Amino acid sequence: MQNLFADLLCPYCQEATLQLRVDSSKSKGLALCCIIHCGTCDKEVSSTMSSAKIDSYTYDVNRRFVAGMLNAGLGYGGADRFCGVAGVCNMSHNAFNEHTNAIFSATKEFSSKQIEKSIRKVREVHGATGSETIDVAVSFDGSWQKRGHTSKHGIGAVIEQETGLVIDYHVLSSYCQTCATTGQDMKDSPDYAAWVEEHKQDCCANHTGSAGAMEVAAAKVLWGRSLESALRYTTLISDGDSKTLSELQKMAPYGTTDIEKEECVNHVSKRLGTALRSLVSDEKKRGVTLGGTKSGSLTQAKIGLLQRYYKNAVISNNGSIQELQNKIWASFYHSISSDTKPTHDLCPEGSNSWCFYKKAVAKGEAIPSHEKKSKTFLNEVVAKYVKPVYERLTQDKLMSRCLLGMTQNANESFHSVVWSHCPKHIFVGSKRVAIATALAVANFNRGSRGVLEFVEAIGCSVTREMESRGAKRDQLRVSRAEKGEMTEVKRRRAKRTLDNISREEGLAVAEGNLYLAGAADD
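Heads up: these notes are all about the structure in this document. Position numbers for residues start from 1 in each chain and track the written sequence from start to end. Given that this is a predicted model, residues contribute local features only at a pLDDT of at least 70 and side-chain atom pairs are listed and counted only at 80 or more, while totals for whole chains, interfaces and linings are drawn from all residues. Values shown for side chains rest on all heavy atoms present in the structure; no hydrogens or waters enter the calculation.

## Some thoughts on the pairing of strand β6 (residues 166-173)
Within a regular strand, side chains alternate between the sheet's two faces. The rule is simple: take the accessible area with a 1.4 Å probe, protein chains only, and divide by the maximum for that residue type; under 20% is buried, over 50% is exposed, in between is partly exposed. The secondary structure listing takes helices from DSSP runs of H or I that are at least 4 residues long and strands from runs of E that are at least 2 residues long, numbered from the N terminus. Counting buried positions along β6 yields 8 of 8 residues, so the element is predominantly enclosed. What makes two strands pair is DSSP finding at least two bridges between them. Relative to β6, strand β5 (residues 153-160) runs antiparallel, the two sharing 7 bridges. When the sheet's bridge partners are listed, G154 is paired in β6 with L172. Remark: 5 residues form the turn of the hairpin made by β5 and β6, two consecutive strands paired antiparallel; G164 in that turn has positive phi of roughly 75°.

## A short note on the sheet that holds strand β2 (residues 33-38)
In spatial order, the strands read β1-β2-β3; together these 3 strands make up an open sheet with antiparallel pairing. Each of the sheet's edge strands pairs with one partner strand only, and the pair in question is β1 (18-22) and β3 (44-49). Averaged over all adjacent pairs, the angle separating strand axes in this sheet is 20°, with direction ignored. Sheet topology places β1 next to β2; 5 bridges connect them, and they run antiparallel. Looking at the pairing, Q19 lines up with H37 of β2. Here an axis means a line fitted to C-alpha atoms, over the contact stretch when the element is a helix, while the angle between two N-to-C directions is reported on a 0 to 180 degree scale.

## What about the packing of aromatic side chains?
Paired rings are identified among Phe, Tyr and Trp, the last through its six-membered ring, by centres lying within 6.5 Å, and are further divided according to the angle between planes into stacked (under 30 degrees), edge-to-face (over 60) and tilted (the rest). The full count for this structure, using the stated rule, is 13 aromatic pairs. Centroid distance Y192 to W195: 6.2 Å. Interplanar angle 20°. Geometry classified as stacked. With Y192 and W195 both in helix α6 (residues 192-199) and 3 residues apart, this pair spans about one turn of that helix. On the basis of relative accessibility, which here comes to 15%, the residue W195 falls in the buried class.

## A closer look at the packing of helix α16 (residues 409-421) against helix α17 (residues 430-446)
Relative orientation of the contacting elements α16 and α17 amounts to 130°, with a least axis distance of 8 Å. The angle between α16 and α17 falls in the class oblique. Crossing hand, α16 versus α17: right-handed. Every residue of α17 that contacts α16 at A410, S413, F414, V417, V418, W419 and H421 is listed here: R432, V433, A436, T437, L439, A440, V441, N443 and F444. These descriptions rest on fixed angle ranges, namely under 35 degrees for roughly parallel, over 145 for roughly antiparallel, 65 to 115 for roughly perpendicular, and the rest for oblique. Should the near helix be turned anticlockwise from the far one by less than a right angle, the crossing is termed left-handed; should it be turned clockwise, right-handed. What makes two residues a contact is simply this: any of their non-hydrogen atoms within 4.5 Å.

## With respect to the packing of helix α2 (residues 60-71) against helix α4 (residues 93-125)
Axis separation between α2 and α4 bottoms out at 10 Å; the angle between their running directions is 75°. As summarised for this structure, α2 and α4 are arranged roughly perpendicular, according to the angle between their axes. Contacts between α2 and α4 involve N62, R63, V66, A67, M69 and L70 from the former and F96, H99, T100, A102 and I103 from the latter. A breakdown of the residues in the contact of α2 with α4 according to their chemical character gives 7 nonpolar, 3 polar and 1 charged. Classes in brief: Ala, Val, Leu, Ile, Met, Phe, Trp, Tyr, Cys and Pro nonpolar; Asp, Glu, Lys and Arg charged; the others, Gly included, polar.

## Considering unusual backbone geometry
One non-glycine residue, Q14, adopts positive backbone phi at about 60°. Position of Q14 relative to the elements: it lies in the loop between α1 (2-6) and β1. One non-glycine residue, A252, lies in the positive phi region at around 50°. For A252, the location among the structural elements is in the loop between α8 (244-251) and β8 (260-263).

## Section: the environment of L70
Position of L70 relative to the elements: it lies in helix α2. A sequence separation of 30 residues divides L70 from T100, and the C-alpha atoms of the two residues are 8.4 Å apart. Apart from the residues lying within four places of it in its own chain, the contact partners of L70 are T100, I103, H421, R432 and I435.

Quick look at the structure:
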């Protein structure tokens, strides 16, 4: 900019000695007070701020900057480090907080409008007319801002199964910064009771129980207000890690209308992996070795394969509990089959069967060796210990909840979007979590269009460059998602994972125990 003005003539002395200066005393954060000054006649030719205002006090660049930092998952500390490296001015901590509070206030109405659009879309897909109340299947899951079970903040989100849209969410917090500072200072004051009463409407804490109870608390709020949108969440897809279903059934939000549960097939299959890993560990303590390098041992790679086969059986849109159980048991007996004792009775028939034994029989070919073809070959000793795990995980009650083959993948994806705006390794206040969740809902449901509407909601205008960048991001995201869903890509990804596990197991055996947490170096 200095070079641009250097060749222009001063309107007073007609000399080409114009200079661009910044008056730091009049600058506001990233909005700079720029002055054009003549070096010859020492007159101020013109002055202006580098940014327009969105109201009588707020500069557009400052609001955009704070919104951009929050969108990137950064707070004031990250903003200050960015400005330091970029060599630009930064605003004060108080100014950053003021913008954050303003964005939080705007987010409330913005979020409500986003949810209303999602609900209208759901009702349209289900053919609902007028104010008719309809029953929908939803997946629900809770997530916490901090790993472990000590988080001060958590969220619960409901995603409609047919459309994959977030149709409601609730942010919970057991921490309020004002209560922790001002409240503690006033605790012994005679005015404390009056202060508490006045502070109630602005208090950020809306949860008094443990962090683990946040998921159930969020579910009660969401199911309790679902009828306001003329929706009944009568089918719940969840992971079974909490008492959500039992608490909702006690609550009976829809009177005599029951809430049915469907298991997330991903979590059900994880139970098999967890159970088998625990089995190896527990039996080792009793002197029984199920893992190791011996032929037919239960290695981590084989556990991964068994878990994958179990999951494939569960998600194959089974028509009955018996059919589902047969498919799961087919994968087990296939895994323990040997040349001397082939156990392929439950494996599918035909030349297109995934079972090498049945495929060879259908084609009239010689039966290949089990040890060469069956990667999940388990010996008789291991099979005796593994079978009870399969018996437990093929019970009628569990299988009845897996017939639709539903998952919580959408919830897991949504959570990843939320915490990309609000990283788990940084402690933040509930307002930051609320802003991050509202942004995530807009991004998850509507892509870049939702984010652009967020920009408009906080008082900033949308430029062509923003629209262009947003469209490119959406296109790239869809392209990556479609590629990731390709059968061959999934197969390569699964193979790569199992190969890595096998390689690490081999290295661990060859190297011995080189690292034990908490162990002394003798």
